[in-house]
Amino acid sequence: MSNNRVPLKEISDTLRRSHRLNGVSKQLNTSTSSMPPQTKAPLNQKNVKVISSKKPSQRRRHKVTAGANFSNAANCKRQTVVRRTKSDCVVIDIDDAPPSTSSVTVPPLVGVKPEDLWLCQPSVAHDMYLHAKSLESRHCFSPNYLSTVGSRVSNEMRATLVNWLVEIHGHLKLEPETLHTAVRLLDATLQHFKVGVNRLQLCGLAVFWLATKLESRALSAQDLLYLMCYKGDVLILVRMEQTVLKLLNFQLQVADPIFFLNRLMLYDENGQSEEFYNTCNYCMDSVLHDITTVDIPASELASAALLAGRMIDGHLEWPYPIGYATEHWPSPKKLEPLAQKMIRAILEASEGKSTYTGAYKKYASRKRFYGLSESQKFSSVNLSKLIEVRPSSIC
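Nothing here was measured: the structure is a model prediction, and the numbers come from that model. (Residues numbered from 1 in each chain as written. Predicted model: local features only at pLDDT ≥ 70, side-chain atom pairs only at ≥ 80, totals over all residues. Heavy atoms only, no water.)

Asks: Whenever I open this one, the nonpolar core confuses me. Can you help?
Replies: Within the largest apolar cluster, 95 residues are counted, with the highest numbers of intra-cluster contacts made by Leu 237 and Met 342. Setting aside chain neighbours within four positions, we find Leu 237 in contact with Leu 202, Leu 205, Ala 206, Trp 209, Ala 221, Leu 224 and Leu 225. (Core = buried A, V, L, I, M, F, W, Y, C linked by side-chain atoms within 4.5 Å. Buried < 20%, exposed > 50% of the residue type's maximum accessible area, 1.4 Å probe, protein only. Contact = heavy atoms within 4.5 Å.)

Asks: Would you mind showing me how to read helix α17 (residues 380-387) here?
Replies: The α-helix winds at 3.6 residues per turn, so residues separated by three or four positions along the chain end up facing the same way. Three or more residues of α17 are buried, namely Leu 383, Leu 386 and Ile 387. Across the axial projection of α17, the buried residues extend over an arc of 105°, all falling on one side. Looking at α17, the residues exposed on the side facing more than 90 degrees away from the buried face are Val 381 and Lys 385. Buried positions along α17 lie against α13 (298-312) and α15 (336-350). (Helix = DSSP H or I, 4+ residues; strand = E, 2+ residues; numbered from the N terminus. Arc of directions from axis to C-beta.)

Asks: What is the right way to read the side chain of Thr 181 from this model?
Replies: Mapped onto the fold, Thr 181 is located in helix α7 (residues 176-192). On the basis of relative accessible area, Thr 181 is assigned to the buried category, the value being 1%. One polar contact links the side chain of Thr 181 to the main-chain carbonyl oxygen of Glu 177, over a distance of 2.8 Å. Ignoring anything within four residues of it in the chain, the contact list for Thr 181 reads Ala 211, Leu 214, Glu 215 and Val 254. (Polar contact = N/O pair within 3.5 Å; in protein donor to acceptor, adjacent residues only side chain to side chain.)

Asks: In this structure, what is going on with α15? I would like to understand it.
Replies: Across its 15 residues, α15 extends 21 Å between first and last C-alpha, which sits within 8% of the 21 Å expected from 1.5 Å per residue. All of the buried residues in α15 are Glu 336, Leu 338, Ala 339, Gln 340, Met 342, Ile 343, Ala 345, Ile 346, Leu 347 and Ala 349. Buried positions along α15 lie against α12 (274-285), α13, α16 (358-362) and α17. Gly 352 sits one or two positions beyond α15 and adopts a positive phi of about 80°. (Expected span 1.5 Å × (residues − 1).)

Asks: Even after reading the chapter, I still don't get the pattern of salt bridges, so can you show me in this structure?
Replies: A side chain of one charge can pair with a side chain of the opposite charge when the charged atoms of the two come close. With the rule as written, the count across this model stands at twelve salt bridges. We note a salt bridge from Arg 158 to Asp 187, for which the minimum N-O separation is 2.8 Å. Placement of Arg 158 in helix α6 (residues 155-172) and of Asp 187 in helix α7 is noted, with a sequence separation of 29 residues between them. Here the two residues Arg 158 and Asp 187 agree in accessibility, since each one is buried. As a salt-bridge pair, Glu 317 and Arg 310 come within 3.4 Å of each other at their nearest N and O atoms. The class of Glu 317 is partly exposed, set by a relative accessible area of 37%. Linked by salt bridges that have partners in common, Asp 268, Glu 269, Arg 310 and Glu 317 make up one network. (Salt bridge = Lys/Arg side-chain N within 4 Å of Asp/Glu carboxyl O.)

This is how it looks when you write it as structure tokens:
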């Protein structure tokens, strides 16, 4: 970690508060004032506490009904429907004043699950972040781990399988966490399991099935086997899933890069843009097939995707809040090689120079991603200019 990292107390208050979310202070006052006095967490940490909701894609799809509770509530004939956006997230730092009771009554959120109450407790969210950081080393492997363990699977076979998983992930319209969880579980399985070439696709489908149960909706074994053109007994997938679980010793917790990307979105000025969020996801998906990225921690992968997304959008500066959140300050020099590898992979796929076009096909969907990979900012001319750009020289 660089010694040039700027402490939080030296960051100007206007910079930090300009990245606050709309309506955060009201929600914080309402949430903390309704809690018992003994459950309030003391704000004694010398860093920023970020509390983010569970899944960004779910925040964009689910709706929460808020009941009208103002003075003119009697005149309201229908309830207001609001979308769960990043207003559901709370950012607290040590300069914030203690919550005080306000005379303005904020409409209470109806239908919030009890497990979502941790959004009001900064200490719990910080512990979750530390726990995710502790899990990173579990799924970081050597780039030549397949040859080290004597596996019959080559790097090209793994890349082809991962590219296929990216395609079916886009076809099934699952959450982004599902894909990254499946790929990391796949590498953990191949490290211990000398699977044959004829059963490699079945092994990849089994870890993908496990990931859907952990992060998304559960799919039937018959529907998944149909994707690999198998119409036999579904017990073949069940047995492979049992084999994978035994090999992994049921250790299925994964440091998900989407978790870290969701956290970094709170510090970016374009963090509320769904297009920018999908751009960063596209950058990460484009290098999943590359065996040289298996030793990169999830937080570094998310930080490099954020840098690549900013470069593609034309933002070459590296602001204080992002540098503090990524722990790369004053410049993202260490993230540049991975960010440009992402851009190069996208460029090769769009020009037809690469056979691993799963991410390109996935984000070419006009119904879900509005043809993102075929948009003007992902044109060959624009991406070719970015490969030689050095953001650290501009910051």
